[in-house]
Amino acid sequence: MAALLIPALVAGGVIWALRVEGSPEETAGRYLAAWSAQDYAAMRALVAEPPADFERVHRRFLTDLKATRAAFRPGEASDDDAVTFKAALTGARNWEYDGELRLVERDRTWKVAWTPATLHPLLKEGMSLKVVAQKGDPVRVLAADGSDLNNASAPGSVQQLVEGMKQTFPDRFEELSRTRIDLYKGGERVRTVAEQQAGKEPIQTTIDLKVHRAGAEALEGTDKPASLVALRASTGRSWPRSTRRAGSTGHCSASTRRGRRSRS
C-alpha cells in the first residue's frame, strides 16, 4: 500500500510545481491599485521586465497631463490574458480614457508585460501625451433676438450696458482657459487626442437692438444735450434711455430702469 502512495505523492508534487499562482485579474487589480496610489515600487514588483526609468516615465506621464490625482479601475478580462481598465485623471484637464494591461507568466506568477502602451494605448517608444492650454474666448452676450453684442457695430448705449454688466458680474465674464490633449512624437505634434473644452455659456439678455438703434439714429446730429426714452403704451414698460451730450460725437450713453405697468 505504501509503494502505491509514493507515485501519487510525486505526481501531486509535479502538479503543484507547475501551477501558476493567482490570476491575471488579481495581478491587474494590485497593479492598478498601486498606480492609483502612485506606489511605483509596488508597481515595478508586478512587472515582468520593468525599464530602468520606470518611475520617471510614470511621473512624467502625469506631469505632461498636468494631473494632480489619478485613479485606475480594473475592467473586463479577456481570453488572451489581458485586463482592461478605466483611467480618470484630475488636474488642469480632467480626462478619462480606457486602457489595457497585458499579462504574462513569470516564475509561476502573473506579471504585467509593460510597454509605453500600458500608460495609454496610443503611446509607443518616444511618444507622449501633453495638455496644451490656450486662452479662452470672451464670454458672448446675446441680444433678445440672439445677436452677438460683443462687437463694435452695437450702438453705444448697448456697449455701455454690456460694460456695466461686466463690472457688476465679473465672475460671469471671467475667461476660462481652454485645454486640449495632444499626442507628440519627440517634440513634434502628431494629432489631437481630446478636443478643447467648451467655454462658458453665452449670457442671454432682453436687450432689443432695434430700439437702441432707433434711439441712436433719432439723436444723430443733435448738438445739444438730449435724452430719449422708448415707452410701450399698452404696458407702460420703458426701455433704456439714450442720451447725447452737447458737443459729443461719440456713442450714446445709456441707463436702465424697471418698467412699470400703467394703471387705468
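All of these numbers come straight from a predicted model, not from anything done at the bench.

Considering the pattern of salt bridges
Part 1 of the argument: Taken as a whole, this structure holds eight salt bridges when the rule is applied.
Part 2 of the argument: Two residues, D80 and R102, come together in a salt bridge whose shortest N-O distance is 3.2 Å. With D80 in the loop between β1 (67–77) and β2 (82–91) and R102 in strand β3 (residues 95–106), this pair connects stretches of sequence that are 22 residues apart.
Part 3 of the argument: According to the relative accessible area criterion, R102 is partly exposed, its value standing at 37%.
Part 4 of the argument: Put simply, D182 and R189 hold a salt bridge, and the shortest N to O gap is 3.0 Å.
Part 5 of the argument: For D182, a relative accessible area of 0% puts it in the buried group.
Part 6 of the argument: You can call R189 partly exposed: its relative accessible area is 40%.
Part 7 of the argument: Among the ionic contacts, a cluster of salt bridges with common partners joins D80, E100 and R102.

Thoughts on the sheet that holds strand β4 (residues 109–112)
Part 1 of the argument: Read from one edge of the open sheet, four strands run β1-β2-β3-β4, paired in antiparallel fashion. Two strands close off the open sheet at either side, each with one partner strand: β1 and β4. Between one strand axis and the next, the sheet turns through 35° on average, direction left out of account.
Part 2 of the argument: Bridging between β1 and β2 involves eight bridges; their strand directions are antiparallel. Residue pairing for β2: F72 is matched across the bridge by A87.

Focus on the nonpolar core
Part 1 of the argument: Judged by nonpolar contacts, the single largest core of 35 residues is most densely connected at Y31, W35, F72, L89 and Y97.
Part 2 of the argument: Looking at which element gives the most residues to this core, the answer is helix α2 (residues 24–36), with five residues.
Part 3 of the argument: The residues touching Y97, leaving out its near neighbours within four places in the chain, are W35, F61, F72, F85, K86, A87, L89, L119 and H120.
Part 4 of the argument: In terms of nonpolar packing, the next biggest core, distinct from the first, is built from 13 residues, V139, L149, A154 and F173 among them.

Focus on unusual backbone geometry
Part 1 of the argument: Positive phi, close to 60°, is recorded for D81, a residue that is not glycine.
Part 2 of the argument: Tracing the backbone through its elements, the reader meets D81 in the loop between β1 and β2.
Part 3 of the argument: The exposure class of D81 is partly exposed, given its relative accessible area of 31%.
Part 4 of the argument: For D107, which is not glycine, the phi dihedral falls at a positive 55°.

Some words on the sheet that holds strand β8 (residues 188–194)
Sheets are built from strands that pair by backbone hydrogen bonding, the pairs being arranged parallel or antiparallel.
Part 1 of the argument: An order of β5-β7-β8 is seen for the three strands of this open sheet, with the pairing classed as antiparallel. Strands with a single pairing partner mark the edges of an open sheet, and in this sheet they are β5 (127–134) and β8. In this sheet, adjacent strand axes meet at a mean angle of 35° when their direction is disregarded.
Part 2 of the argument: Taken together, the five bridges between strand β7 (residues 178–185) and β8 define a ladder with antiparallel strand orientation. Following the sheet pairing, K185 is matched in β8 by E188.

Cut-off values and rules
- Residues numbered from 1 in each chain as written.
- Predicted model: local features only at pLDDT ≥ 70, side-chain atom pairs only at ≥ 80, totals over all residues.
- Heavy atoms only, no water.
- Salt bridge = Lys/Arg side-chain N within 4 Å of Asp/Glu carboxyl O.
- Helix = DSSP H or I, 4+ residues; strand = E, 2+ residues; numbered from the N terminus.
- Buried < 20%, exposed > 50% of the residue type's maximum accessible area, 1.4 Å probe, protein only.
- Pairing = 2+ DSSP bridges.
- Axes fitted to C-alpha atoms, helices over the stretch in contact; angles between N-to-C directions.
- Core = buried A, V, L, I, M, F, W, Y, C linked by side-chain atoms within 4.5 Å.
- Contact = heavy atoms within 4.5 Å.

Fair warning: the whole summary comes from geometry, so function is off the table for now.
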